[in-house]
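Residue-level listing of the chains:
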Amino acid sequence: MLKIRLGVAPAAGTGPAEFAGLARRLEDAGVDSLWLSELVYSPEVDPMIGMAHALARTSKLKVGTGVAILPGRHPVLVAKQLLTLAGLAPKRVLPVFGLRPARTAEHDLFPVPPGRRAAVFDESLILLRRLLEEDEVSFDGEFFQVSEVGLGPRPAKRLDVWLGGSAPAALRRTGRLADGWLGSFLSPAQARDARLAIQEAAAEAGREIEEDHFGLSLAVAEHGVPGELVAAAARRNPGVPVTDLVATSWAEARRLVEQHIEAGLSKFVIRPGHGDFENFLEKFQAELVPLQN
């Protein structure tokens, strides 16, 4: 049986002042995990700094990035950050990485050679994984070279690296190089197809991804879908009704989560479509937490 777990993301626009007490509030409420997006041109906290703060304020809450951008960052520095966090908060760090920022205006903040973002991503992942798993690493790639690098103690439990994205190349990359997948703006049928594509790519690479390492980020907008969400859904998955991608009520959220579970997904990040986080959290606990096993 798949282990079903549901976490939450802060409301859009949650800045440092509002975020400061959020992790403790979620842990007290028994929430499994907190997920932080990488949105630079916004009030929202930086995901790595937000993770460190949330992990320091709690003892059980897991904290993840949903998603952070890897190409444009040096994988040695990313590995050092993750190993430090995992050492301070064992078994509670959940990194998920993506190819490029969701907002076009932020693309230049993560510079890579023109036309080589996918290649940089692949090489970054390979080096990152080795740095997280080996005591000493030498690497001579096209974009990165390191010699006999050691970053200090590694956690007793191996740190998994998940990826986002739903394009065919992203799914193949997940199968070849990652430990899990967090999709978004997908219908249950599309999510099933994505899972199967990832598993096929993993098998071709001689790998296997654990069956409960497939997840989805789902927004709940019970007071009407905001224009920004409508635009994001249309951009990410054109031609699919927004009601297949965004829940318009808590009953619909439960229905969609149940359908995604039937499609083979087991990890969910539930995002508020509106700013009333206290009401969102109350409904999340009542309507969706009972789906956990």
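Presented here is a report on the structure given in the accompanying data block. Since the structure is predicted, the reported quantities are computational estimates derived from the model, not experimental observations.

Remarks on the overall build of the chain
Link 1 in the chain: Tallying secondary structure elements over the chain gives 10 helices and 12 strands in all.
Link 2 in the chain: Here the chain has a C-alpha radius of gyration of 18 Å; the compact-globule value for 293 residues is 19 Å, and the two agree.
Link 3 in the chain: Reported as C-alpha extents along the three principal axes, the dimensions of the chain are approximately 55 × 40 × 40 Å.
Link 4 in the chain: Counting across all 293 residues of the chain, residues that qualify as buried make up 51%.
Link 5 in the chain: Look at the contacts in the chain between residues 6 or more apart in sequence, and 74% of them connect residues 24 or more apart.
Link 6 in the chain: Entry remark: accessible area of the chain is about 13200 Å², with carbon and sulfur atoms responsible for 53%.
Link 7 in the chain: When the 33 positive and 37 negative side-chain charges of the chain are each reduced to one mean point, those points stand 2 Å apart.

Quick notes on the pattern of salt bridges
If the charged atoms of two oppositely charged side chains come close together, the side chains can form a pair.
Link 1 in the chain: Evaluation of the coordinates by the stated rule reveals 18 salt bridges.
Link 2 in the chain: For E133, the salt bridge identified is with R129, shortest N-O distance 3.0 Å. Of this pair, E133 and R129 are both found in helix α5 (residues 117-133), four residues apart, which corresponds to roughly one turn of the helix.
Link 3 in the chain: By relative accessible area, which is 30% here, E133 ends up partly exposed.
Link 4 in the chain: With a relative accessible area of 12%, R129 lands in the buried category.
Link 5 in the chain: Ionic pairing is found between D135 and R154, a salt bridge with its closest N-O pair at 2.8 Å. Linking D135 in the loop between α5 and β7 (137-140) with R154 in the loop between β8 (145-149) and β9 (162-163), this pair joins segments that are 19 residues apart in sequence.
Link 6 in the chain: Taken together, the salt bridges that share partners define one network made up of R129, E133, R158, D160 and D179.

Some thoughts on the packing of helix α4 (residues 75-88) against α5
Link 1 in the chain: Orientation of α4 relative to α5, taken along the N-to-C sense of each, is 40°, at an axis distance of 9 Å. The angle between the axes of α4 and α5 places the two elements in the oblique class. When the axes of α4 and α5 are compared, the crossing they make is right-handed. Contacts between α4 and α5 pair P75, V76, V78, A79, L82 and L83 from the former with S124, L127, L128, L131 and L132 from the latter.
Link 2 in the chain: For the contact of α4 with α5, the class distribution of residues is 10 nonpolar, one polar and no charged.

Brief notes about a nonpolar patch on the surface
Link 1 in the chain: A cluster of nonpolar residues, V40, Y41 and L109, forms a patch on the protein surface that exposes about 270 Å² of accessible area.
Link 2 in the chain: Within the fold, L109 resides in the loop between β6 (96-98) and α5.
Link 3 in the chain: Owing to a relative accessible area of 37%, L109 belongs among the partly exposed residues under this scheme.

Details of α4
Link 1 in the chain: Between its first and last C-alpha atoms α4 spans 20 Å; for 14 residues at 1.5 Å apiece the expected length is 20 Å, and the two agree.
Link 2 in the chain: When we look at burial in α4, the residues that qualify are P75, V76, V78, A79, L82, L83, L85 and A86.
Link 3 in the chain: Next to the buried residues of α4 lie α3 (47-57), β5 (93-94), β6, α5 and β8.

Re the packing of aromatic side chains
Link 1 in the chain: On inspection of all chains with the given rule, the structure shows three aromatic pairs.
Link 2 in the chain: Ring geometry for W250 versus F280: centroids 5.5 Å apart, planes at 50°, classification tilted. Of the two residues, W250 is situated in helix α9 (residues 250-262) and F280 in helix α10 (residues 277-287); the sequence distance between them amounts to 30 residues.
Link 3 in the chain: When its relative accessible area of 5% is taken as the criterion, W250 is described as buried.
Link 4 in the chain: Plain terms: the ring middles of F277 and F280 are 5.4 Å apart, the flat faces sit at 35° to each other, and that makes the pair tilted. Of this pair, F277 and F280 both sit in helix α10, three residues apart, which is roughly one turn of that helix. As far as burial versus exposure is concerned, F277 and F280 are alike and both buried.
Link 5 in the chain: Here the aromatic cluster, defined as three or more aromatic residues joined through ring pairs, consists of W250, F277, F280 and F284.

Rules behind the numbers
- Residues numbered from 1 in each chain as written.
- Predicted model: local features only at pLDDT ≥ 70, side-chain atom pairs only at ≥ 80, totals over all residues.
- Heavy atoms only, no water.
- Helix = DSSP H or I, 4+ residues; strand = E, 2+ residues; numbered from the N terminus.
- Rg over C-alpha atoms; globule rule 2.2 N^0.38 Å.
- Buried < 20%, exposed > 50% of the residue type's maximum accessible area, 1.4 Å probe, protein only.
- Contact = heavy atoms within 4.5 Å.
- Areas by Shrake-Rupley, 256 points an atom, 1.4 Å probe, with all protein chains shown as cover.
- Lys, Arg positive; Asp, Glu negative; His and termini not counted.
- Charge placed at Lys NZ, Arg CZ, Asp CG, Glu CD.
- Salt bridge = Lys/Arg side-chain N within 4 Å of Asp/Glu carboxyl O.
- Axes fitted to C-alpha atoms, helices over the stretch in contact; angles between N-to-C directions.
- Parallel < 35°, antiparallel > 145°, perpendicular 65-115°, else oblique.
- Left-handed = near helix turned anticlockwise from the far one by under 90°.
- Nonpolar A, V, L, I, M, F, W, Y, C, P; charged D, E, K, R; others polar.
- Patch = residues over 30% accessible without salt bridge, like charges linked within 9 Å, V, L, I, M, F, W, Y side chains within 5 Å.
- Expected span 1.5 Å × (residues − 1).
- Phe/Tyr/Trp six-rings, centres within 6.5 Å; stacked < 30°, edge-to-face > 60°.

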